[in-house]
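A closer look at the structure
Residue-level listing of the chains:
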Amino acid sequence: MTNPPEIAWFSALCDDDYEFLGVPDQYLKSSWEHCRNIVLRAEEGGFDNILLPSGYELGVDTTAFAAAVATQVKRIKLLWATRMGEDWPPQLARRIATIDRILGPNAAGTGGRLNVNIISSPMPGETMESGPRYRRGTEVMKIIRTLLNGEHLDFQGEFYNLKLDPARISTISGKCPNLYFGGLSNEARECAAEAADVYLMWPDKMENVREVVADLKARAAAKGRTLKFGYRAHVIVRETEDEARAYADRLLSKLDDEMGRAIREKSLDAANYGVQRQQELRSAADGDGFVEENLWTGIGRARSGCGAAIVGNPDQVIAKLRAYQEAGMEAFILSGYPHVQECDMFARYVLPQIQHAPIPG
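Here is a short report on the structure shown in this document.

Calculation criteria
Residues numbered from 1 in each chain as written. Predicted model: local features only at pLDDT ≥ 70, side-chain atom pairs only at ≥ 80, totals over all residues. Heavy atoms only, no water. Axes fitted to C-alpha atoms, helices over the stretch in contact; angles between N-to-C directions. Helix = DSSP H or I, 4+ residues; strand = E, 2+ residues; numbered from the N terminus. Parallel < 35°, antiparallel > 145°, perpendicular 65-115°, else oblique. Left-handed = near helix turned anticlockwise from the far one by under 90°. Contact = heavy atoms within 4.5 Å. 1 Å grid on protein atoms, 1.4 Å probe; cavity = no way out; pocket = protein on both sides within 12 Å on 5 of 7 lines; lining within 4 Å. Points joined across faces, edges and corners; volume = space filled by probe spheres on them. Nonpolar A, V, L, I, M, F, W, Y, C, P; charged D, E, K, R; others polar. Expected span 1.5 Å × (residues − 1). Buried < 20%, exposed > 50% of the residue type's maximum accessible area, 1.4 Å probe, protein only. Phe/Tyr/Trp six-rings, centres within 6.5 Å; stacked < 30°, edge-to-face > 60°. Lys NZ or Arg CZ within 6 Å of the ring centre and 35° of its normal. Polar contact = N/O pair within 3.5 Å; in protein donor to acceptor, adjacent residues only side chain to side chain. Salt bridge = Lys/Arg side-chain N within 4 Å of Asp/Glu carboxyl O.

Glancing now at the packing of helix H1 (residues 32-45) against helix H2 (residues 62-69). Running from N to C, H1 and H2 cross one another at 55°; their axes reach a closest spacing of 11 Å. On the basis of the axis angle, H1 is oblique to H2. As for how H1 packs across H2, the hand of that crossing is right-handed. Residues Trp32, Cys35, Arg36 and Val39 of H1 touch H2, and the partners they reach there are Phe65, Ala68 and Val69.

Here is the structure:
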């Protein structure tokens, strides 16, 4: 029997919130007020966790936002995204411990409420080949894990040569929080297998989801490790399938193709392997944008990354989530446009019918 999945929502810190996809709305721009309200609604709705994404050119700073919103929430966990090109590992470890302390303990009192999404990015304004970026990401995760586990660090690597003791401040648990990480290239998969805790996937057809899970399990096992798996997708749920599909059509009803292309290319990660896979998925879809049952790729017309949505009535959405669970998924990070409205929809129609809980750690 599978464990209850972790169900997370998404706060649109990277200027990625719309009523009509690709049409900027001043009331939905990334701001402290708007993104805080998404987090608070997700907590009120009963979600376990919420992703705070990061993009240098887009929206508000994720670190400052995470520290501030940590004082506003009482139960929900934060999945704070941090870009490796913008940090120094010992300082990152100290920052993680500090935000974890600000958030406070989980309901069971067994640990904190912070998870960390590691992004193997270059320094803003610079370029770095995929292989070195992911090898550096591996080193960063190993360094922060050692320090946050309260151990002396003696690390000699390709990018970092460090000898030091942990900072005085520790996480509530005294351990490193779960490190979430995603990437489809061979280099990214090796990085995840060697150093991450939760491997995140963007939407894909079910047979490809199973293939990636099997591959990552084998890679991790070869290194004496195990991984958990998470699935990042958009969702549109309504009382009936016809209503959900009609809302999907409405979402695209004002999208200009040139504007959509500009939005896709604006992302710092617009050329990576995972983004290319989302483009392939969209190209394989039928005339209505569905690439398989209840998986709609229209979102990707104006988004470079996670580009597909689970679309349907409550029973169909639940069935899709359970199918992903059977394929190995233990966490779901969901979102919808506009984010507050769709958070409420999912909390109303789906969450009460699913047993769910945060991933331990």
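Further notes follow.
Turning to the environment of Gly157, a few remarks are in order. With respect to the helices and strands, the residue Gly157 is situated in the loop between strand E5 (153-156) and strand E6 (161-164). For the pair formed by Gly157 and Leu92, sequence separation is 65 residues and the distance between their alpha carbons is 18 Å.

It is worth spelling out the layout of surface pockets at this point. Here the second largest pocket defines a volume of roughly 270 Å³. Taken together, 19 residues form the lining of the second largest pocket, with Thr2, Asn3, Lys228, Met329 and Glu330 sitting closest to its centre. Elements that contribute at least two residues to the lining of the second largest pocket include exactly strand E9 (228-237) and helix H10 (314-326). Considering only residue class, the lining of the second largest pocket consists of ten nonpolar, four polar and five charged.

One can describe the packing of H1 onto helix H11 (residues 339-349) by two numbers: an axis separation of 9 Å at closest approach and a directional angle of 5°. As the angle between them shows, H1 and H11 are arranged roughly parallel. Taking contact as the criterion, the partners of Asn37, Ile38, Arg41, Ala42 and Gly45 in H1 are, on H11, His339, Val340, Cys343, Asp344 and Ala347. Among the residues making up the contact of H1 with H11, the classes are represented as five nonpolar, three polar and two charged.

Right, let's get into helix H3 (residues 89-103). For H3, with 15 residues, the first-to-last C-alpha span of 21 Å sits near the 21 Å given by 1.5 Å per residue. Every buried residue of H3 is listed here: Pro89, Pro90, Leu92, Ala93, Ile96, Ala97, Ile99, Asp100 and Leu103. Its buried side turned inward, H3 meets H2, strand E3 (77-83), strand E4 (114-119), helix H4 (130-148) and E6. Positive phi appears at Gly104, one or two residues downstream of H3, with a value of about 90°.

In total, this model carries ten aromatic pairs according to the counting rule given. A centroid spacing of 6.2 Å and a plane angle of 75° characterise the contact between Tyr199 and Phe229, whose relative ring orientation is edge-to-face. Of this pair, Tyr199 sits in strand E8 (residues 198-201) while Phe229 sits in strand E9; the two residues are 30 residues apart in sequence, bridging distant segments of the chain. Among the aromatic residues, those joined into a ring-pair cluster are Trp9, Phe47 and Phe346. Sitting above the plane of the Tyr134 ring, Arg133 keeps its charged end 5.1 Å from the centroid. The positively charged end of Arg238 is found above the aromatic ring belonging to Tyr247, 4.3 Å away from the centroid.

The next point concerns the side chain of Glu292. Secondary-structure assignment places Glu292 in strand E10 (residues 290-292). Assessed through its relative accessible area of 18%, Glu292 is described here as buried. Among the polar contacts listed, one links the side chain of Glu292 to the side chain of Lys320, at a separation of 2.8 Å. With near-sequence residues (within four places) excluded, Glu292 lies in contact with Asp204, Lys205, Met206, Glu207, Lys320 and Tyr324.

For the coordinates displayed, the defined rule picks out 16 salt bridges. Residue Arg219 pairs with Asp215 through a salt bridge whose shortest N-O separation is 2.8 Å. One end of the pair, Arg219, and the other, Asp215, are both in helix H6 (residues 206-222), four residues apart, so they sit about a helical turn from each other. Each member of the pair, Arg219 as well as Asp215, is classed as buried. One salt bridge connects Glu241 with Arg245, and the closest N-O pair in it is separated by 3.4 Å. Here the residue Glu241 and the residue Arg245 both occupy positions in helix H7 (residues 241-251), the gap between them amounting to four residues, near one helical turn. Look at the salt bridges and you will find they share partners, linking Arg189, Glu190, Glu211, Asp215, Arg219 and Lys223 into a network.

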